[in-house]
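A closer look at the structure
Letter by letter, the chains look like this.
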Amino acid sequence: MLVAAAVCPAPPLLVPEVAAGAAAELADARTACSDALAVLAASRPDRLIVVGAVADDDRAGSYPEGSRGSFRGFGADTDVQLGEGAGGPRPLPASLAIAAWLLRHARWGAAPVEGLGVAEPVEAERCLQAGRDIAASDERVALLVMGDGSACRSVKAPGYLDERAAGFDEAVARALGTADTAALAALDAGLARELKAAGRAPWQVLAGAAEGAGLDGRLLYEDAPYGVGYFVAAWS
């Protein structure tokens, strides 16, 4: 059963070693992520599953505890590990590596940690079912959900300016802030793809996991500093 969830953004710039001189720009987001992780720890889960968006099916699937990742591809000599286990042969994708960095700096030790990469094209019902399966996998399960909103909030955004982006992100923020699983489940996958919203699939995994759990939500952070929608929320 799902007992708590945290939602965090997944830009590599969240890691100060990657952001370098711009690290202060996401300081508030990092603080909010720490607060959300504290909610997870307080829930005393038996397992923590980290769900993150990945670029393609080759990076999708499970990542066992101890899986390792690196930010060398982003110009930082920084390595991370997901939990304490032996790991597996695949390196962590960026979203899960960022989660591993957040957990390390939060000194996570509340429960074993595993990762799940979800590719953007996967349809909503498969995401929802994956969430239901996660929730049924143990008596007390927590989720750390990594993903960004639209990347079209300004002319300097990765996807340039799209007038639909602000409304999409507002709906996501409202759903995350109120733990509205139905609203997350109903997100339009086609529109999310057009707006380059990488968080759509992970959020729908969360929606499936939280069905019937009776969790309350709080939105801890919302901004679009680089024209990309970033959200931090805690459900408990």
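Below you will find a few notes about this structure.

Turning next to the nonpolar core. Counting 43 residues, the largest nonpolar core has L40, L48, V50, F71, L103, L144 and M146 as the members making the most contacts within it. For this core, the element with the highest residue contribution is helix α3 (residues 94–105), accounting for eight residues. Sequence-distant contacts of L48, that is, excluding residues within four places in its chain, are made with L40, L103, W108, A111, P112, V113, E114, A142, L143 and L144.

In total, this model carries nine salt bridges according to the counting rule given. Here R132 and E125 are joined by a salt bridge, their closest N and O atoms 2.9 Å apart. A residue is classified by how much of its surface remains accessible, and E125, at 46% relative accessible area, is partly exposed. Across the pair R153 and D169 runs a salt bridge, and its minimum N-O distance is 2.8 Å. You can see R153 sitting in the loop between β7 (141–146) and α5 (165–178) and its partner D169 sitting in helix α5, a full 16 residues away along the chain. Here the salt bridges share partners, and the residues they tie into one network are R72, D77 and D79.

As enumerated under the stated definition, the model contains zero disulfides in all. For C8, which is in no disulfide, the shortest distance to another cysteine sulfur is to C33 and amounts to 3.4 Å.

Bringing the packing of aromatic side chains into the picture now. In total, this model carries one aromatic pair according to the counting rule given. Between W203 and F231, the aromatic rings sit 5.9 Å apart at their centres with planes inclined by 70 degrees, giving edge-to-face as the arrangement. You can see W203 sitting in helix α8 (residues 200–209) and its partner F231 sitting in strand β9 (residues 230–235), a full 28 residues away along the chain. W203 sits in the buried class, given a relative accessible area of 0%. For the cation-ring pair, R90 lies above Y63, with the distance from its terminal atom to the ring centre recorded as 4.2 Å.

Here α3 contains 12 residues, and its C-alpha end-to-end distance of 17 Å stays within 8% of the 16 Å for a straight helix at 1.5 Å per residue. Counting buried positions over the 12 residues of α3 gives nine, a clear majority of the element. Buried within α3 we find S95, L96, A97, I98, A99, A100, W101, L102 and L103. After α3 finishes, the residue R107 shows a positive phi value of roughly 55 degrees.

Moving on to the environment of A53. Along the chain, the position of A53 falls in strand β2 (residues 47–54). Sequence spacing of A53 and F168 is 115 residues, and the spatial spacing of their C-alpha atoms is 18 Å. When neighbours within four sequence positions are excluded, A53 is seen to be in contact with S95, V118, M146, A198 and P202.

Reading guide: rules and limits
- Residues numbered from 1 in each chain as written.
- Predicted model: local features only at pLDDT ≥ 70, side-chain atom pairs only at ≥ 80, totals over all residues.
- Heavy atoms only, no water.
- Core = buried A, V, L, I, M, F, W, Y, C linked by side-chain atoms within 4.5 Å.
- Buried < 20%, exposed > 50% of the residue type's maximum accessible area, 1.4 Å probe, protein only.
- Helix = DSSP H or I, 4+ residues; strand = E, 2+ residues; numbered from the N terminus.
- Contact = heavy atoms within 4.5 Å.
- Salt bridge = Lys/Arg side-chain N within 4 Å of Asp/Glu carboxyl O.
- Disulfide = S-S within 2.5 Å.
- Phe/Tyr/Trp six-rings, centres within 6.5 Å; stacked < 30°, edge-to-face > 60°.
- Lys NZ or Arg CZ within 6 Å of the ring centre and 35° of its normal.
- Expected span 1.5 Å × (residues − 1).

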